[in-house]
Amino acid sequence: NLFEPVSSNAKIKFSIIVPARNEEANIARLLTALQQQNYPKENYEVIVINDNSTDNTAGVVSGFSFVKLLHLPASVRSAHKKKAIELGIVNATNDWIVTTDADCLPQADWLATIAAFQKNKNAVFIAAPVALTAPQNSNTLLYNFQCVDFCVLQGITGASVHRNFHTMCNGANLAYKKSAYEEVHGFAGIANIASGDDMLLMYKIWKKYPQQVFYLKSKQAIVETAAMNSWKNFFQQRIRWASKARHYDDKRIFTALLVVYLFNFLFPVLLFAAFWFNHAWWLLLLLWLAKTIIEFPFAYSVTRFFNRQKFMWLFIFFQPLHILYIIASGFFGLFSYEWKGRKVK
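Small disclaimer: the values here were computed from a predicted structure and weren't measured.

So, how was this worked out
- Residues numbered from 1 in each chain as written.
- Predicted model: local features only at pLDDT ≥ 70, side-chain atom pairs only at ≥ 80, totals over all residues.
- Heavy atoms only, no water.
- Core = buried A, V, L, I, M, F, W, Y, C linked by side-chain atoms within 4.5 Å.
- Buried < 20%, exposed > 50% of the residue type's maximum accessible area, 1.4 Å probe, protein only.
- Helix = DSSP H or I, 4+ residues; strand = E, 2+ residues; numbered from the N terminus.
- Contact = heavy atoms within 4.5 Å.
- Phe/Tyr/Trp six-rings, centres within 6.5 Å; stacked < 30°, edge-to-face > 60°.
- Pairing = 2+ DSSP bridges.
- Axes fitted to C-alpha atoms, helices over the stretch in contact; angles between N-to-C directions.

Caption draft 1: Local environment of the nonpolar core. Counting residues in each nonpolar core, the largest one holds 57 residues, and the members touching the most others are F14, I16, I27 and L31. For this core, the leading source of residues is helix α5 (residues 140–162), giving seven residues. Contacts of F14, omitting those with residues within four sequence positions, involve Y39, N43, Y44, E45, N94, W96, V98, L111, I114 and A115. Core analysis: the next-biggest nonpolar cluster, separate from the first, contains 35 residues, I89, F125, L200 and I253 among them.

Below, the structure written as structure tokens:
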């Protein structure tokens, strides 16, 4: 159900943790938005962790006097984002940790909405919505496809968490109790995994507090981030996301991902078989129609929540691309990928 924030006396104190690497072009916009939150300034702090940027990210951050700027040691060789968040939490002085990314943009009522929701639900961990905006010089087809695909992922995330089916979230918009993070020993046990600073931690906290993990469905809580500006970057991002799947202790989500992967893999298998067996064409068409008919209503409802429904007219044409990227990212996620100038294994 949609959460409509009401005036709340919640006085939660937040520590906003922002890892940043080569974000000179974006970080000022985020920090300005954080400075303009409709929330008491004394009830939140902003901590930016400069992850060995080679541009002027640190210089830009230094221009915001209310921000605590930390530097990740150059000796860190793996799982840089986790190490950055760890450093931020160690230096955090408040009860609640909120994480977002340096290229994101929250709305003015972001913190107030999280605080009201926490008071309403007595939550320990809150996953919140993320939406894509068009990057500069964006490929229209690429952006349209990403919008629909990302909205569907967010819809699955919200439904899964709401139903307590399995744990999903996006590190661009998370809030959790610092004490809960400490109780589960933070990233211990997953510290050397390059990705998974969000979902892997969420599962650890869910095991401790299974009834106090929630998804905040609210338009006021949406954080926006730019879509990838090239097909190469898009696939690298999806490969990075897929790479953490083999590390999930939450077997519920691993099983769901495996079923989805095998279902999509069935399409090229049937296409190949159709050159020898004519009935495979009919089975391929039947599965194609079933996939489209089942997914369309859900995709439309989610894109409407994010005000991205105008892209749905291309939904049926996106299906081959969707199948292709799921198969490719799932396969290449077993190996290595590039992210922000680093080769990650």
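Alright, that's what it looks like, and here's the rest.
Caption draft 2: Expanded view of the packing of aromatic side chains. A complete count under the given rule lists 25 aromatic pairs for this structure. Centre to centre, the rings of F14 and Y39 are 5.6 Å apart; their planes meet at 50 degrees, and the pair counts as tilted. With a gap of 25 residues between them, F14 in strand β1 (residues 14–20) and Y39 in the loop between α1 (27–35) and β2 (44–50) connect regions that are remote in the sequence. Just as F14 is buried, Y39 falls in that class too. For the pair W231 and F234, a centre-to-centre distance of 6.0 Å together with 90 degrees between the ring planes defines the contact as edge-to-face.

Caption draft 3: Spotlight on unusual backbone geometry. For N22, which is not a glycine, the phi torsion comes out positive at approximately 55 degrees. Note that N22 resides in the loop between β1 and α1. In this model, N164 sits at a positive phi of 60 degrees, which is unusual for a non-glycine residue. In this fold, N164 is placed in the loop between α5 and β8 (174–177).

Caption draft 4: Structural view of the sheet that holds β2. Spatially, the seven strands line up as an open sheet ordered β3-β2-β1-β4-β8-β6-β9, and their pairing is mixed. Among the strands making up the open sheet, the edge pair consists of β3 (67–71) and β9 (213–215). Going across the sheet, the axis of each strand differs from the next one's by a mean of 20 degrees, ignoring polarity. As judged from the four bridges shared by strand β4 (residues 96–99) and β8, these two strands associate in the antiparallel manner. What sits directly across from W96, in β8, is K177. Sheet strands touched by helix α7 (residues 199–208): β6 (125–127), β8 and β9. Its angle to β6, the strand with the most contacts, is close to 140 degrees.

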